[in-house]
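# Fold and contact review
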Amino acid sequence: MQVDGTPGNNVMPGRIVFKTTTTDGVAERMRISKEGYVTKPNNPAFRARSSSGGWKSFGNTSFNTMPFNAEDFDSGGNYNTSTYKFTIPVAGRYYFYAQMVHDGSTANGGNSGKIRIYVGSDIVAWGKSGRQGESVSCGTVWECTVGEEVYCQGATGNDTNADDWHGDSYYSYFTGYLVG
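As a starting point, this report considers the structure included with it. Keep in mind that what you see is a predicted model, and the values were worked out from it rather than measured.

## Points about the pairing of strand β11 (residues 92-101)
Successive side chains on a regular strand alternate, one facing one side of the sheet and the next facing the other. In terms of residue burial, β11 counts as a mostly covered element, since 8 of its 10 residues are buried. In the sheet, β11 pairs with strand β14 (residues 135-144) via 10 bridges, with the strands oriented antiparallel. By the bridge assignment, F96 is partnered in β14 with T140. For β11 and strand β17 (residues 173-178), the ladder comprises 6 bridges, and the chain directions are antiparallel. Bridge pairing in β17 links Y97 to T175.

Have a look at this one:
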């Protein structure tokens, strides 16, 4: 632990910095600012999305793993953009949230969008909407163990339309982080 406060030491007075030694030297692990803000730069966290926007189709009405093949951030590199899964790097409680904007058609019965989050083979959160063009989401805090895989699946009632879900990153995404 280092308490910064020595003027002229190129540091900010009043903060506390926690560091550990590594094979390459010393690395910061946590910081408390003089205002009381706690930051942890290596805390596992990610936000995944589609690499392209616009309407996309699952091609069926079954649940499909959401093809979130791009990241906005991935602290620790634990999200895989090929399998669309986050692998738990450290045991603890995690918060996960998934969202999908879907389309339906009143001509095909006003199909709804559905989304769910898995930890391993267990469904841990589930959401459903009932009308065309809505956002459907779900989120939860879940106790996870090292190595478990977390992913989300989506479904709509459409199988012939090319507009099952929207790929813009502000419409459809999957995110999570270690709470403690």
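## Overview of the packing of aromatic side chains
What the rule picks out here adds up to 13 aromatic pairs. A centroid spacing of 6.0 Å and a plane angle of 90° characterise the contact between F68 and W165, whose relative ring orientation is edge-to-face. In this pair, F68 sits in the loop between β7 (64-65) and β8 (70-75) while W165 sits in strand β16 (residues 165-166), placing the two residues 97 residues apart along the sequence. Each member of the pair F68 and W165 is classed as buried. By the ring-pair criterion, three or more aromatic residues cluster together here, those being F46, Y79, F86, Y94, F96 and F174. Over the aromatic face of Y151 sits the side chain of K85, whose NZ or CZ is 4.8 Å from the ring centroid. Directly above the ring of F63 sits R116, whose terminal nitrogen or CZ lies 3.4 Å from the centroid.

Definitions and cut-offs
Residues numbered from 1 in each chain as written. Predicted model: local features only at pLDDT ≥ 70, side-chain atom pairs only at ≥ 80, totals over all residues. Heavy atoms only, no water. Buried < 20%, exposed > 50% of the residue type's maximum accessible area, 1.4 Å probe, protein only. Helix = DSSP H or I, 4+ residues; strand = E, 2+ residues; numbered from the N terminus. Pairing = 2+ DSSP bridges. Phe/Tyr/Trp six-rings, centres within 6.5 Å; stacked < 30°, edge-to-face > 60°. Lys NZ or Arg CZ within 6 Å of the ring centre and 35° of its normal.

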